[in-house]
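Now for the letters of each chain:
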Amino acid sequence: MTGEREDDLDDEERRTEIEQAGPGTRAVWGGELELSWQGATQVPVVNSVTFGFDDVDTWLDVGAGRTPGHIYSRNTNPTVQVFEDKVRALEGAPAATSFATGMAAISNTLFGLLKPGDRVVSLRDTYGGTSRLFLEFLPRFGIDVELCETEDVEALETAIRDGCDLVYLESPTNPTMKIVDLPRLARAGHEAGAVVVVDNTFATPINQRPLELGADLVLHSATKFLGGHSDAMGGAVCGREDLVREIFRFREINGASLAPAVAYLLIRGIKTLELRVLRQNENALGLARFLRDHRAVDRVFYPGLEDDKGHVVAARQMSGFGGLLSFSLTGDFGDVKRVLERLRYAHRAASLGSVGTLIGPPAVTSHVELTPEDRARLGIPETLIRCSVGIENLGDILADFHQALET
Ligand SMILES: Cc1ncc(COP(=O)(O)O)c(C=O)c1O
């Protein structure tokens, strides 16, 4: 896409064409029309902190938002904007903005939209950092938070009907892959006049499109599947324009901006998102079936298994079941250690969504600060192992788990 094009579409029509294309095409071409420099076929990394103007009138127009352009990279930057446009195209959103990390996306969304006296309804199983915001930080600012049993959709609906300004959802959840009925709770949220936000990090826009299911905003830790290589951190929020504008206004001031060089890594990662996710869906389903039939495994948590509690709702709202699963062993924590330490391909590490398989026990990673009793209350067995399945060949993954579990 260099130089003068000979097709008969103008840029606006071309943008619309890309936004209506398949997800693989959107992942490659989304946002890419904006930046072309000396015929470069890849997005340039514009490391400039500031942007100059020959005439003051144009400077004023850009500063006042009347003309597109950039002033200062804490606010907007051309490379970062391509990343935002790509995520926006993938989620089918009217607007998007970006952040230095996923947690910055979440905290900016909550603190950018809420005010003292507001009430949030969410799940007990949100990502650990998000529950810390709910339990510790939002209440400090006079924001009331009610966290409901994740799978109790009636309790969630009742809590929302009791008055609610923001409904915050995740599906599937960490670490036991519970499925939350997104359209049903989005409907309840809207009836109560609330803004509905979904963290789509686990599912990715390839498997689940929350805005089409009724959400107002969808957010991501781009550190995970979007980037896909465990080498860059970032976050994104997209959805309703008025809401994204409010969040952006707050991020401009608190400064949790994405760096252009990191945005480039995320852009490069996203180009292969569909290929990776489809492979990860397949690998996770294959591994889940293998583990389900293994005598050393007590239970497998994966919404792609037909007998999983969340399967019916997941099949309704997801087009693939994702690359994450967890399983518990029949033995004790000693067995967890032995199995993990024998695995040859999986990295024993926190995080998820990378090309390589990542594995770890929630008792050591995401839920290390809880007591065994607290973990039991959340339905997390002490021998639970969470696995983010990579894009390796399934036969090799299965052979590796087979030899590790034979101990
Ligand atoms: C579902 C989910 N949301 C948000 C985050 C936070 O992302 P980050 O680590 O990029 O701040 C994580 C991190 O693991 C996550 O799993």
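Scroll up to find the structure this text is about.
Residues numbered from 1 in each chain as written. Predicted model: local features only at pLDDT ≥ 70, side-chain atom pairs only at ≥ 80, totals over all residues. Heavy atoms only, no water.

**Q** Explain the pairing of strand S7 (residues 235-239) to me, using residue names and the numbers behind them.
**A** Two faces make up the sheet, and in a regular strand the side chains alternate between them. The buried fraction of S7 is high, at five of five residues. Here S7 shows no split at all, with Gly-235, Val-237 and Gly-239 on one side and Ala-236 and Cys-238 on the other all buried. Of the strand pairs in this sheet, strand S6 (residues 217-221) and S7 are connected by five bridges, and their pairing is antiparallel. When the sheet's bridge partners are listed, Leu-217 is paired in S7 with Gly-239. (Buried < 20%, exposed > 50% of the residue type's maximum accessible area, 1.4 Å probe, protein only. Helix = DSSP H or I, 4+ residues; strand = E, 2+ residues; numbered from the N terminus. Pairing = 2+ DSSP bridges.)

**Q** Explain empty space enclosed by the protein to me, using residue names and the numbers behind them.
**A** The final tally for this structure, using the stated rule, is four cavities of 30 Å³ or more. The space that makes up the largest cavity amounts to roughly 60 Å³. Every residue lining the largest cavity is listed: Arg-15, Ile-18, Glu-19, Trp-29, Gly-30, Gly-31, Glu-32, Leu-33, Glu-34, Asp-85, Arg-88 and Ala-89. At the level of elements, helix H1 (11-19) and helix H4 (78-91) are the ones that each hand at least two residues to the lining of the largest cavity. Split into classes, the residues belonging to the lining of the largest cavity amount to four nonpolar, two polar and six charged. (1 Å grid on protein atoms, 1.4 Å probe; cavity = no way out; pocket = protein on both sides within 12 Å on 5 of 7 lines; lining within 4 Å. Points joined across faces, edges and corners; volume = space filled by probe spheres on them. Nonpolar A, V, L, I, M, F, W, Y, C, P; charged D, E, K, R; others polar.)

**Q** Please provide a residue-by-residue account of the layout of surface pockets, values included.
**A** Space left empty within the atom packing is revealed by a probe, the size of a water molecule, rolled over the atoms. Size it by volume and the largest pocket reaches roughly 920 Å³. Around the largest pocket, the lining comprises 27 residues; the ones closest to its centre are Thr-76, Gln-81, Glu-84, Ala-96 and Phe-248. Elements with a contribution of two residues or more to the lining of the largest pocket: helix H3 (56-63), H4, strand S1 (95-99) and helix H10 (241-254). Within this model, the second largest pocket holds a volume of roughly 560 Å³.

**Q** For the packing of H4 against helix H11 (residues 260-270), give the residues involved together with the corresponding values.
**A** Taken N-terminus to C-terminus, the directions of H4 and H11 make an angle of 35 degrees; their axes are 8 Å apart at the nearest point. Relative to H11, the crossing made by H4 is left-handed. Where H4 approaches H11, its residues Thr-79, Val-80, Val-82, Phe-83, Lys-86, Val-87 and Leu-90 are matched on the opposing element by Pro-260, Ala-263, Tyr-264, Leu-266, Ile-267 and Ile-270. Its residues assigned to classes, the contact of H4 with H11 shows eleven nonpolar, one polar and one charged. (Axes fitted to C-alpha atoms, helices over the stretch in contact; angles between N-to-C directions. Left-handed = near helix turned anticlockwise from the far one by under 90°. Contact = heavy atoms within 4.5 Å.)

**Q** A description of the environment of Ile-160 should follow, citing residues and the corresponding values.
**A** You can see Ile-160 is positioned in helix H7 (residues 153-161). Residue classification places Ile-160 among the buried positions, given a relative accessible area of 0%. Note: C-alpha distance between Ile-160 and Gly-189 (29 residues apart in sequence) is 6.3 Å. When sequence neighbours within four positions are dropped, the list of residues in contact with Ile-160 reads Val-121, Val-167, Leu-185, Ala-188, Gly-189 and Ala-192.

**Q** Go over the sheet that holds strand S10 (residues 347-348), please, and point to the residues and values.
**A** Strand order in this open sheet of five strands is S8-S9-S12-S11-S10, and the pairing throughout is mixed. Every interior strand has two partners, whereas the edge strands, strand S8 (297-301) and S10, have only one. The pairing of strand S11 (residues 358-360) with strand S12 (residues 384-388) spans three bridges and is classified as antiparallel. Note that in S12 the partner of Gly-360 across the bridge is Arg-386. Across the sheet, helix H12 (residues 273-292) lies against S8, strand S9 (324-329) and S12, angled at about 15 degrees from S9, the strand it touches most. Together, S9, S10, S11 and S12 form the strand contacts of helix H14 (residues 333-342), whose direction differs from that of S9 by roughly 130 degrees.

**Q** Now, about the environment of Pro-116: what can you tell me, with residues and values included?
**A** Mapped onto the secondary structure, Pro-116 falls in the loop between helix H5 (102-113) and strand S2 (119-123). Here the alpha-carbon distance between Pro-116 and Ile-397, two residues 281 residues apart in the chain, equals 50 Å. In this structure Pro-116 touches Phe-141, Gly-142 and Ile-143, once residues within four positions along its chain are discounted.

**Q** Help me get a handle on helix H16 (residues 394-405), residues and values and all.
**A** What sets the pattern is the α-helix's 3.6 residues per turn: residues three or four places apart point alike. Taking 1.5 Å per residue, twelve residues should reach 16 Å; H16 reaches 16 Å between its end C-alpha atoms and fits that length. Where H16 is concerned, the buried positions are Ile-397, Asp-400, Phe-401, Gln-403, Ala-404 and Leu-405. Lining the buried residues of H16 we find H12, S8, S9, H14, S11 and S12. (Expected span 1.5 Å × (residues − 1).)

**Q** So, the nonpolar core: which residues are in play, and what are the values?
**A** Formed by 50 residues in total, the largest nonpolar core has its most connected members in Phe-83 and Leu-169. Ranked by residues supplied to this core, first place goes to H4 with five residues. The contacts of Leu-169, once residues within four sequence positions are left out, are Leu-123, Val-180, Leu-182, Leu-185, Val-196, Val-197, Val-198 and Asp-199. Counting 30 residues, the second-largest nonpolar core is a separate cluster that includes Leu-287, Ala-296, Phe-327 and Ala-404. (Core = buried A, V, L, I, M, F, W, Y, C linked by side-chain atoms within 4.5 Å.)

**Q** Before we move on, could you go through the environment of Ile-253 and cite the residues and values that matter?
**A** Position of Ile-253 relative to the elements: it lies in helix H10. Judged by its relative accessible area of 66%, Ile-253 is exposed. Residues Ile-253 and Asn-75, spaced 178 residues apart in sequence, show a C-alpha to C-alpha distance of 8.3 Å.

**Q** So what's going on with the site of the ligand? Which residues, and what values?
**A** As a matter of local geometry, the ligand sits amid 13 residues, with Gly-102, Met-103, Asp-199, Ser-221 and Thr-223 nearest to it. Note that an oxygen atom of the ligand is positioned 2.8 Å from one of the backbone N or O atoms of Met-103. Measuring from an oxygen atom of the ligand, one finds a side-chain N or O atom of Thr-223 at 2.6 Å. Within the complex, the protein chains bury 92% of what would otherwise be the 390 Å² of accessible surface of the ligand. (Near = heavy atom within 4 Å. Polar contact = N/O pair within 3.5 Å; in protein donor to acceptor, adjacent residues only side chain to side chain. Areas by Shrake-Rupley, 256 points an atom, 1.4 Å probe, with all protein chains shown as cover.)

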